[in-house]
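# A look at the structure
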Amino acid sequence: MGRTKIVAGNWKMHGSLDQNQALLEVVVSETRSMQNASCVVCVPYPYIPQAKSLLQDSHVAWGAQNISQHHQGAYTGEVSAEMLAEFGCQYAIVGHSERRLLFGEGNKVVAEKFKAAQQCSIIPILCLGETLEQRESGEAEQVIAGQLDAVIDLLGVEALERSVIAYEPVWAIGTGKTATPQQAQDVHKFIRNRIAMQNERVADDIRILYGGSVKASNAVELIAMPDIDGGLIGGASLVAEEFISICMATQN
Ligand code: PEP
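A brief look at the structure comes next. Residue numbering note: each chain is counted from 1, following its sequence as written. Given that the model is predicted, a residue must reach a pLDDT of at least 70 before its local features are reported, and side-chain atom pairs must reach 80 or more before they are shown or counted; all residues, however, enter totals for whole chains, interfaces and linings. As a rule here, side-chain values cover all heavy atoms of the structure and leave hydrogens and water aside.

The next subject is the site of the ligand. Here, proximity means that at least one heavy atom of the residue falls within 4 Å of the molecule or strand. Taken together, 14 residues lie around the ligand, and K12, E168, G174, S213 and G235 are the ones closest in. Polar contact criterion, stated in full: a pair of N or O atoms within 3.5 Å, where within protein one must be able to donate a hydrogen and the other to accept it, and residues adjacent in sequence count only if both atoms are side-chain atoms. At 3.1 Å, a side-chain N or O of N10 approaches an oxygen atom of the ligand. With respect to the ligand, the side chain of H96 contributes an N or O atom lying 2.9 Å from an oxygen atom. Per-residue and other accessible areas follow the Shrake-Rupley method at a 1.4 Å probe size, with only the shown protein chains counted as cover for residues. Computed on the free molecule, the ligand has an accessible area of 290 Å², of which 95% lies beneath the protein chains in the complex. Each residue is assigned to one class: nonpolar for Ala, Val, Leu, Ile, Met, Phe, Trp, Tyr, Cys and Pro, charged for Asp, Glu, Lys and Arg, and polar for all the others, Gly among them. Residues of the shell around the ligand, tallied by class, amount to 4 nonpolar, 8 polar and 2 charged.

Shown next as structure tokens:
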């Protein structure tokens, strides 16, 4: 049947109890008929219990936007995978470019976060992507390979089996500039081929989402590409009609 597609919302640091409730109620009711695709929302930490209570009996899963690489201890301000698992998180984004660029997370730390998530049966959504400068200087593939290889080197290629990858070109995040379907497809294919060099089955099965200014108006043509298995959606995941349209466009 092929790979089940995923649409994951990344709310970033947005929301309030009232706004979240209104958004989640309509997303749950309007995506109920979604078939052969999963819908996930990655919410700010304090709203995870709210997401759990509103979503636990629904088809929508919830997750976190970051996770500590540590399991417990003197790490002020951090949140462990064990804590997230207690609140039913099934997913955690790791290595989002905002974490890499604004909070200094390097490839090794991201790989450790990936490992911590999996140790608690949380599916990491591993974000990979190049900056505009790196793309223009012809380094995009090298950068993405380095981000991917850090996880493979630490955990082995089989670890990717219980994960999702999101290709998010930094120049397309929150900028309104989307990669063309062909540009995205080329990188998705590159990522899949790189995994296939070590394990073809893992490469065939892994879901690779595209992220970067995905909207209802461009989702269909992106998701139609053979190696694009859904989307990681920032800004548009906060707008009910946009997010619902993207979800409904992402069915096999
Ligand atoms: C993101 O934050 O992962 C993202 C893709 O943001 P946006 O859709 O707003 O570009």
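Attention shifts here to the environment of Q198. Each helix is a run of DSSP H or I of at least 4 residues and each strand a run of E of at least 2, with the numbering of both proceeding from the N terminus. Relative to the elements of secondary structure, Q198 occurs in the loop between α8 (181-196) and α9 (200-205). In the structure, Q198 is positioned 42 residues away from G156 in sequence and 9.3 Å away in space, judged by C-alpha atoms. Two residues qualify as a contact provided that any one of their heavy atoms is within 4.5 Å of a heavy atom in the partner residue. Excluding its chain neighbours within four sequence positions, the residues that come into contact with Q198 are I152 and V157.

This brings us to the nonpolar core. If you look at the biggest cluster of nonpolar residues, it comprises 70 residues, and the most contacted ones within it are V41, L160, I165, I191, I195 and Y210. Of the residues forming this core, the biggest block, 6 residues, is contributed by helix α7 (residues 140-155). Residue types Ala, Val, Leu, Ile, Met, Phe, Trp, Tyr and Cys, when buried and joined through side-chain atoms within 4.5 Å, form a set referred to as a nonpolar core. Type-normalised accessible area, obtained with a 1.4 Å probe on protein chains alone, sets the label of each residue: buried when under 20%, exposed when over 50%, and partly exposed for intermediate values.

On to the pairing of strand β3 (residues 60-64). Along a regular strand, successive side chains alternate from one face of the sheet to the other. Counting buried residues along β3, 5 of its 5 residues qualify, which places the element largely inside the surrounding structure. Burial of β3 is two-sided: the residues V60, W62 and A64 facing one way and the residues A61 and G63 facing the other way are all buried. Inspection of the sheet shows strand β2 (residues 37-42) paired to β3 by 4 bridges, in the parallel sense. Looking at β3, one finds that V41 is bridged to W62. Pairing between two strands is assigned when DSSP locates at least 2 bridges connecting them. Note that β3 and strand β4 (residues 91-94) share 2 bridges and pair parallel. Its bridge partner being in β4, G63 is matched across the sheet by Y91.

A few words now on unusual backbone geometry. Across residues other than glycine, the phi torsion is negative in most instances, and most of the peptide bonds are trans. Despite not being glycine, N36 shows a phi value in the positive range, around 55 degrees. Turning to its location among the elements, N36 is positioned in the loop between α1 (17-30) and β2. Its relative accessible area of 37% is what places N36 among the partly exposed residues. Although it is not a glycine, S213 sits at a positive phi angle of roughly 55 degrees.

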